[in-house]
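# Examining the three-dimensional arrangement
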Amino acid sequence: MGPREAGCWARKETAAVAGTVRTVFRQPGPERDTVVQSLKAAGAAIAAWALAGWWLKAPMALLAPWTALALVDATVYRSLRAGLQQLAVILLGALTAAAALALTRGDTLGAMALALPPLVLAGTYRRLGAQGVYGATTALFVITATSASAVEIGHRLLETCIGAVIGIAVNAFVLPPAHLRNAGDRLLRLPRDTARLLRGIAGGLRGDWPVEQALDWHEEARRTEESLERVREARRGGEESSRLNPGLRLRRGRPPQPPLALDARWAAVTDHLRAVTRTLATLAQGDNPLRSPGGGFFADWARLAEALAVLCEREYEALARREPTAPYCLEARPVPEEARAAYEALDASFHALSGTGAVPAGELLAETRQLLRALVSDVPEEVGH
C-alpha cells in the first residue's frame with residue numbers, strides 16, 4: 001500500500017469512526033449498545049478487583065477482574081453459559097497443573113510440558129467456546145506460583161467465582177442487554193446506504209469515472225450485503241437476548257421484529273446492486289474487450305438510479321418515522337412516474353445501441369429492472385418484462 005492509498009484508507013476510517021461517534025450521541029442503536037456494554041465490562045472488572053484484591057486481599061486477585069471482564073457478554077444467557085464453561089475449564093486447569101507439579105516434584109518446566117499440551121488440546125473442544133483457552137492459562141498461573149496445595153487451588157476458584165458472579169450480575173441487572181430492536185435498527189441502514197450509493201454512482205457516471213471509483217462502488221455494494229447479514233444476526237441475537245433476561249420484565253412491551261419479507265426484499269436489492277457495480281467495474285478495466293455503451297446510455301441510467309435512490313430514501317423515512325412498538329407494514333407501492341419515465345428512456349437508449357456496447361448495456365438494463373422490481377411491490381408488465 002502506497003502513501004496515497006494509505007492516506008485514502010486513513011480518511012475513510014476516520015470518517016467511519018466519526019460517523020459512529022455521532023450516531024452514539026444522536027440515536028439509540030447498536031453503536032450505543034456497544035458503548036454501554038463496554039462501560040459495563042470495565043465497571044464489572046473494577047468492582048471485582050475492589051472486592052477480591054482490595055477488600056479480601058486475594059493472593060491472585062487479577063483472576064477476578066479478568067473473569068468479570070470476559071463475562072459481560074452480548075446477552076445475559078451468554079454470560080451465564082460462559083460463566084459455567086469458564087468455571088469448569090479453570091477447575092480442570094488448576095487440577096491438571098496440581099497433578100503435573102506433583103508428578104514432576106515441583107519442577108516448573110516439567111510441569112508445563114506435562115500440563116499444557118492436553119489443556120491446549122482440550123481448549124479446542126467446540127462446546128467450551130471461547131472459554132477453552134482459560135484452562136491452559138490457569139495452569140500457567142498455578143504452575144508459576146510454585147504451589148499447588150488445596151488452599152491455593154481453592155483461592156483460584158474463589159477468585160474466579162467472585163469475578164463470574166460480579167460479571168453476570170452486572171450484565172443481568174445493570175441495563176441488561178435486550179437486542180430486540182437491533183434488527184430494526186440495522187435494517188434502517190440498508191435503504192439509507194443504498195440510496196447514498198445509487199446517488200454516488202449516478203453522479204460519477206455523468207463525468208469521468210476511473211477504475212478505482214468503480215471498484216469503490218463495488219466494495220460499497222458488497223458492504224450493503226454485509227449489512228443485511230448483520231440484520232439476520234441481530235434477529236438471532238434478539239431471540240437469544242430474551243432468554244433468562246430479567247430486564248424484559250421491566251419493559252412495557254417488546255418491539256416487534258421486522259418481517260422476513262423485508263429481509264427477502266433487501267436481499268434482492270443488494271444482489272442486483274452488486275451485479276450492477278460489478279458490470280461497471282468490468283467496463284472500467286483497461287483491457288476490457290467490450291465497448292462502453294456511451295455517455296447517452298449512462299446519462300439515462302443515472303437518471304433512473306436517482307429515481308431508485310428516491311424510493312430508498314422514502315423507505316428509510318417510513319422506517320425512521322415508525323413508532324418502536326408499531327408493527328412493520330409491507331404495502332403495495334406502484335412505480336412512481338419519474339421512475340417509469342426514466343426506465344422507458346433507458347430502455348429506448350438500449351434498443352438504439354448496436355455492437356459490443358449493447359452487451360454490458362443489456363446487463364445493466366436487466367439488473368436495474370430487477371432492482372426496480374425489488375423496491376416496489378406493484379410492477380406493471382411494461383416494466384417487469
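Quick caveat, the model's predicted, so the values are computed rather than measured.

Next up on the list: the overall build of the chain. Within the chain, the regular secondary structure consists of 14 helices and zero strands. Mapped from its N terminus to its C terminus, the chain presents α and β elements in the order α-α-α-α-α-α-α-α-α-α-α-α-α-α. The buried share of the chain, reckoned over its 385 residues, is 44%. Taking the contacts inside the chain whose residues are at least 6 apart along the sequence as the reference set, 81% of them involve residues at least 24 apart. Summing over all exposed atoms, the chain offers an accessible surface of approximately 19,800 Å²; the carbon and sulfur share of this is 60%.

Okay, a nonpolar patch on the surface next. On the surface, Val17, Val21 and Phe25 cluster together to form a nonpolar patch covering roughly 330 Å² of accessible area. Assignment of secondary structure puts Phe25 in helix α1 (residues 3-26).

Here we come to the nonpolar core. In this structure, Trp209, Trp266 and Leu280 are the most contacted members of the largest nonpolar core, which totals 50 residues. Of all the secondary-structure elements, those providing two or more residues to this core are α8 (182-205), α9 (211-241), α10 (260-284), α11 (295-321), α12 (337-351) and α13 (358-375). Element by element, the count of residues in this core is highest for α11, at twelve residues. Setting aside its immediate chain neighbours within four residues, Trp266 contacts Leu187, Leu190, Pro191, Thr194, Leu228, Cys312, Glu315 and Leu375. Among the nonpolar cores identified, the runner-up in size contains 13 residues, and Leu101, Ala115, Val142 and Ile143 belong to it.

Between the first and last C-alpha of α13 there are 25 Å, a value that for 18 residues agrees with the 26 Å anticipated at 1.5 Å per step. When α13 is considered as a whole, its buried residues turn out to be Ala358, Pro360, Ala361, Leu364, Leu365, Thr368, Arg369, Leu371, Leu372, Ala374 and Leu375.

About the cut-offs
- Residues numbered from 1 in each chain as written.
- Predicted model: local features only at pLDDT ≥ 70, side-chain atom pairs only at ≥ 80, totals over all residues.
- Heavy atoms only, no water.
- Helix = DSSP H or I, 4+ residues; strand = E, 2+ residues; numbered from the N terminus.
- Buried < 20%, exposed > 50% of the residue type's maximum accessible area, 1.4 Å probe, protein only.
- Contact = heavy atoms within 4.5 Å.
- Areas by Shrake-Rupley, 256 points an atom, 1.4 Å probe, with all protein chains shown as cover.
- Patch = residues over 30% accessible without salt bridge, like charges linked within 9 Å, V, L, I, M, F, W, Y side chains within 5 Å.
- Salt bridge = Lys/Arg side-chain N within 4 Å of Asp/Glu carboxyl O.
- Core = buried A, V, L, I, M, F, W, Y, C linked by side-chain atoms within 4.5 Å.
- Expected span 1.5 Å × (residues − 1).

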